[in-house]
Amino acid sequence: MPSQIPFSFSDLITGYVTHFNRSDKSFGIKTSEGREYTAYLGSTTYGRISQNLEEGYIDATGQLNELLKPGQHIFAYGVFYPKGDDHKFEAKSLVFPGDAPDKYRHEEPDWWIKQIRSIADKYLKWQFNYPNQPIDYREYRTMLKLTGEKQKDDYLQETDTVSRLVYGFASAFLLTGEDRFLEGAELGTEYLRDHMRFYDPDEDLIYWYHGVKVTGNREQKLLTSEFDDDYDCIPAYEQIYALAGPIQTYRIKPIEFQVIHAF
């Protein structure tokens, strides 16, 4: 650290352990770009091993001496304290991606399956209160209140965010094979086609609306963008986003869906 910084500050360093000195409780960290740091363990330093969504906390505080082996990948969050002409880095918390230098929990065979299942189930619950209620995209909200509540009347459904959710459900089904995610993808695809498409018979073209503004039982179609950077335009990226979810869904059952209807 440059000596001209006369104050303490916190930062996160990620890299690989080069050595561990038990006597002064210090260890070396070498980043992927080749920088080397010396970190010190304090009396309140704690550690944990990465956990997946819905897993419990995996404490590693009592195993720091064993885990700090050369080659171990680590995330060290701590404070740089001025010390003479340099700084001393004291680690406050350590995160280990695995319990050995050659182990990474995200490489476990079911890691990503568990993760996408957890994410997709939460979206089903938060947006549609599934399984207590059926999946109904009329209940979808692009924006929520700060408290997490939904606006009951006068709300906006943006096409690109609905399509991204559909893409997520379709991808969750492809990874897990669980039917509730397929149902979410299929119903979302139909909702997009029924509510957010505009067919121009003169040009034989289909446009996707920017979104739908719902006031009570009334739907107001918004063809052009409402965003400041491309206001009153039909951005190409929105047309692409609108297709992302349906196309991912069509990949699941190409025979049952006629892709031609999406264009």
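Quick notes on the rules
Residue positions are counted from 1 within each chain, in the order its sequence is given. Local features in this predicted model are restricted to residues of pLDDT 70 or higher, and side-chain atom pairs are both shown and tallied only at a pLDDT of 80 or more, whereas totals for entire chains, interfaces and linings draw on every residue. Calculation of side-chain values draws on the structure's entire complement of heavy atoms; hydrogens and water are dropped beforehand. Classification of ring pairs uses Phe, Tyr and Trp, with its six-membered ring standing for Trp, and accepts pairs whose centres are within 6.5 Å; under 30 degrees between planes counts as stacked, over 60 as edge-to-face, and the remaining range as tilted. Accessibility here uses a 1.4 Å probe with only protein chains present; expressed as a share of the type maximum, an area under 20% marks a residue as buried, one over 50% as exposed, and anything in between as partly exposed. Think of it as a cone above the ring: NZ of Lys or CZ of Arg counts as a charge over the ring if it is within 6 Å of the ring centre and within 35 degrees of the ring normal. Only DSSP runs of H or I reaching four residues or more are called helices, and only runs of E reaching two or more are called strands; each is numbered from the N terminus. Whenever two N or O atoms come within 3.5 Å, that pair is a polar contact, provided that in protein one can donate a hydrogen and the other can accept it, and provided that, for residues adjacent in sequence, both atoms are side-chain atoms. In what follows, residue pairs with any heavy atoms lying within 4.5 Å of each other are defined as contacts. For our purposes a nonpolar core is just a set of buried Ala, Val, Leu, Ile, Met, Phe, Trp, Tyr and Cys residues, chained together by side-chain atoms within 4.5 Å. Confidence scores per residue from the predictor, reported as pLDDT, run from 0 to 100.

A. Layout of the packing of aromatic side chains. A complete count under the given rule lists 11 aromatic pairs for this structure. Both rings, one in Phe-80 and one in Phe-89, keep their centres 4.6 Å apart while their planes meet at 40 degrees; by these two values the pair is tilted. With respect to class, Phe-80 is no different from Phe-89; both count as buried. Three or more aromatic residues joined by ring pairs make a cluster, and in this case those are Phe-7, Phe-9, Tyr-37, Phe-80 and Phe-89. The ring of Tyr-241 carries the charged tip of Arg-164 above its face, separated from the ring centre by 4.2 Å.

B. Spotlight on the side chain of Thr-176. Residue position: Thr-176 is located in helix H3 (residues 159-176). A polar atom in the side chain of Thr-176 sits 2.7 Å from the backbone oxygen of Ala-172. Within the structure, Thr-176 has its side chain in polar contact with the backbone nitrogen of Glu-178 (distance 3.3 Å). If we ignore the near neighbours within four places in the chain, the residues touching Thr-176 are Ile-113, Ile-116, Arg-117 and Phe-181.

C. The nonpolar core, seen in detail. Among the nonpolar cores identified, the biggest contains 27 residues, and Phe-128, Tyr-137, Val-162, Phe-169, Phe-181 and Met-196 are the most heavily contacted of them. Among the secondary structure elements, those contributing two or more residues to this core are helix H2 (111-128), H3, helix H4 (179-195), strand E9 (205-208) and strand E10 (211-215). Residue contributions to this core peak at 7 residues, all from H3. The contacts of Phe-169, once residues within four sequence positions are left out, are Ala-120, Tyr-123, Leu-124, Phe-128, Tyr-137, Phe-181, Gly-184 and Ala-185. Listed in part, the 20 residues of the second largest apolar core include Leu-41, Ile-49, Ala-60 and Phe-80.

D. The confidence of the model for the protein chain, seen in detail. Here the protein chain shows a mean pLDDT of 91. Residues at 70 or above account for 95%. The low-confidence segment residues 258-263 (pLDDT under 50) makes 11 contacts with residues lying over four places distant or belonging to another chain.

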